[in-house]
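Each chain, letter by letter, is given below.
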Amino acid sequence: MEIVVSGIRPTGNLHLGNYFGAVKNFLRLQDEYKCFFFIADWHSLTTHPHPGDVTVNVRKILAEYLACGIDPEKAAIYVQSDVKEILELYLFLNMNAYLGELQRVTSFKEKARKQPENVNAGLLTYPTLMAADIIIHKANKVPVGKDQEQNMEMARKFARRFNTIYGVDFFPEPESYYFTGEAVKVPGLDGSGKMGKSEGNAIYLVDDAATIRKKVMKAVTDSGPTEPNSVKPEAIENLFTMLKIVSSPDTYDYFNEKYNCCEIRYGDLKKQLAEDIVQFTAPIRERILEISADVAYMDKVVAQGAEKARESASRTIKEVRKIIGFK
Ligand code: TYM
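What comes next is a walk through the structure.

Definitions and limits used
- Residues numbered from 1 in each chain as written.
- Predicted model: local features only at pLDDT ≥ 70, side-chain atom pairs only at ≥ 80, totals over all residues.
- Heavy atoms only, no water.
- Helix = DSSP H or I, 4+ residues; strand = E, 2+ residues; numbered from the N terminus.
- Rg over C-alpha atoms; globule rule 2.2 N^0.38 Å.
- Buried < 20%, exposed > 50% of the residue type's maximum accessible area, 1.4 Å probe, protein only.
- Contact = heavy atoms within 4.5 Å.
- Areas by Shrake-Rupley, 256 points an atom, 1.4 Å probe, with all protein chains shown as cover.
- Lys, Arg positive; Asp, Glu negative; His and termini not counted.
- Charge placed at Lys NZ, Arg CZ, Asp CG, Glu CD.
- Near = heavy atom within 4 Å.
- Polar contact = N/O pair within 3.5 Å; in protein donor to acceptor, adjacent residues only side chain to side chain.
- Nonpolar A, V, L, I, M, F, W, Y, C, P; charged D, E, K, R; others polar.
- Phe/Tyr/Trp six-rings, centres within 6.5 Å; stacked < 30°, edge-to-face > 60°.
- Lys NZ or Arg CZ within 6 Å of the ring centre and 35° of its normal.
- Salt bridge = Lys/Arg side-chain N within 4 Å of Asp/Glu carboxyl O.

### A word on the overall build of the protein
Helix and strand counts for the protein stand at 13 helices and five strands. Taken over C-alpha atoms, the radius of gyration comes to 21 Å for the protein, in line with the 20 Å a tight globule of 327 residues would show. Counting only C-alpha atoms, the protein reaches 75 × 45 × 40 Å along its principal axes. Residues classed as buried in the protein amount to 52% of the 327 residues present. For the protein, contacts bridging at least 24 residues in sequence account for 79% of all contacts bridging at least 6. With the model as given, the accessible surface of the protein reaches about 15600 Å², and the carbon-plus-sulfur share is 51%. Charge centroids of the protein, computed over 43 positive and 44 negative side chains, lie 4 Å from each other.

### Some thoughts on the site of the ligand
Lining the immediate surroundings of the ligand are 26 residues, of which R9, Y126, D133, D147 and V186 lie closest. At 3.0 Å, a side-chain N or O of N18 approaches an oxygen atom of the ligand. Y126 places a side-chain nitrogen or oxygen 2.7 Å from a nitrogen atom of the ligand. Starting from 700 Å² of accessible surface for the ligand in isolation, the protein chains cover 97%. Contributions of two or more residues to the shell around the ligand are made by strand 1 (3-8), helix 1 (16-29) and helix 7 (126-135). Taken together, the residues that form the shell around the ligand break down as 12 nonpolar, nine polar and five charged.

### A few points about the environment of I86
Along the chain, I86 falls in helix 3 (residues 85-95). Placed 33 residues apart in sequence, I86 and V119 show a C-alpha to C-alpha distance of 23 Å. Residues within four places of I86 in sequence aside, it is in contact with W42, Q80, L129, A132, D133 and I136.

### A word on the environment of K74
Structurally, K74 can be placed in the loop between helix 2 (51-68) and strand 3 (76-79). A residue is classified by how much of its surface remains accessible, and K74, at 41% relative accessible area, is partly exposed. Placed 168 residues apart in sequence, K74 and M242 show a C-alpha to C-alpha distance of 30 Å. The residues contacting K74, other than those within four sequence positions of it, are Q30 and D31.

### Some thoughts on the packing of aromatic side chains
For any pair of aromatic rings, the description rests on two quantities: the centre-to-centre distance and the angle between the ring planes. Scanning the model with the defined rule gives 14 aromatic pairs in all. Both rings, one in Y254 and one in F255, keep their centres 5.0 Å apart while their planes meet at 85 degrees; by these two values the pair is edge-to-face. A relative accessible area of 6% places F255 in the buried class. Here the aromatic cluster, defined as three or more aromatic residues joined through ring pairs, consists of F162, Y166, F170 and F171. One residue, K111, lies across the ring of Y126, its end atom 5.7 Å from the ring centre.

### Comments concerning the pattern of salt bridges
Close approach of charged atoms lets side chains of opposite charge pair. By the definition in use, this model includes 15 salt bridges. Measuring nitrogen to oxygen at the nearest pair gives 3.1 Å for the salt bridge that ties D299 to R59. Remark: R59 occurs in helix 2 and D299 occurs in helix 13 (residues 295-324); sequence separation between them is 240 residues. Overall, the relative accessible area of 36% leaves D299 in the partly exposed class. The exposure class assigned to R59 is partly exposed, which follows from its relative accessible area of 30%. Its salt-bridge partner being E311, residue R315 comes within 3.1 Å of it at the nearest N-O pair. Residue R315 and its partner E311 are both found in helix 13; the two are separated by four residues, about one turn of the helix. Note on R315: relative accessible area 48%, which makes it partly exposed.

### Describing unusual backbone geometry
Located in the positive-phi region is H48, a residue other than glycine, with phi close to 55 degrees. What makes H48 exposed here is its relative accessible area of 55%. Although it is not a glycine, N229 adopts a positive phi angle of roughly 55 degrees. Along the polypeptide, N229 turns up in the loop between helix 9 (209-217) and helix 10 (234-246). The exposed category is assigned to N229, whose relative accessible area is 58%.

Given below as structure tokens:
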């Protein structure tokens, strides 16, 4: 049976990028495979969150996972820090991870640039912790968005390296999983780049209708094309990408046609896009509010998830200890 593992950092609420890049595929995979979906609370420590926020943020993501439809009867839903076996594997993997290769990871370089006062070793070894998360369950498939490609390459490299160093065929090489066969990048609506919390351009699943409308109406546009069938500048392309993701093909074709014959009215496009986002998120938002109020249920879910995850993780780590030479 193929194994699926993926996680999200609890640094705030889930946004449309998290949903369409990752969670949507969790939902598709949970019916068919053995799935482990976790909340990466250790990973969130690289930016030194306030202690009071750690539990609160874990609960947020948990309620949102459940509200999206991840089913604790089908998949193990757990909190990373409940599975200490991951740390032991993290240590082992760090012994075979080299300073040079870790320093070359693009997201490390970016973070180091953004937070020069806090270039900590956790940031540097972020890819080994992520690899440990994945291979602790001997995963084959990892549903993630495009921004995780390099981390996934590192995970494969560390899995391969372990097998080579110890002359075993123990860890499978985990593949990124994209339902469409292509990596998904949900754009921001502020002109360039991806949607992200730290980019300050995110639309959250929990946002109410008025907030969503306001955010979408603020999206960056231009004065419109002057030549038929012009290439779309990035900000406009991003709006169309969002339409493709959340609206119907007819809606997309309608506005695309209008663009191509220079009759586009961005205000109309944004209004339609906002309504389509609201229609999609409103029922999820309602469930988030319901589930968040039921702390006992959430506690039960994570306890049950931790048990399933630990069972799988401890099986792997026992084998790993033996392979490395601990008897
Ligand atoms: P994180 O918490 O930044 O994001 C969670 C997931 O959402 C996806 N995502 C996006 N996809 C498309 N477009 C976007 N704009 C967008 N923004 C976010 C991410 O690709 C990711 O799939 N390192 C991971 C967390 C992690 C993990 C793991 C993932 C830790 N251990 C093991 C998989 C397996 C991260 O920071 O994701």
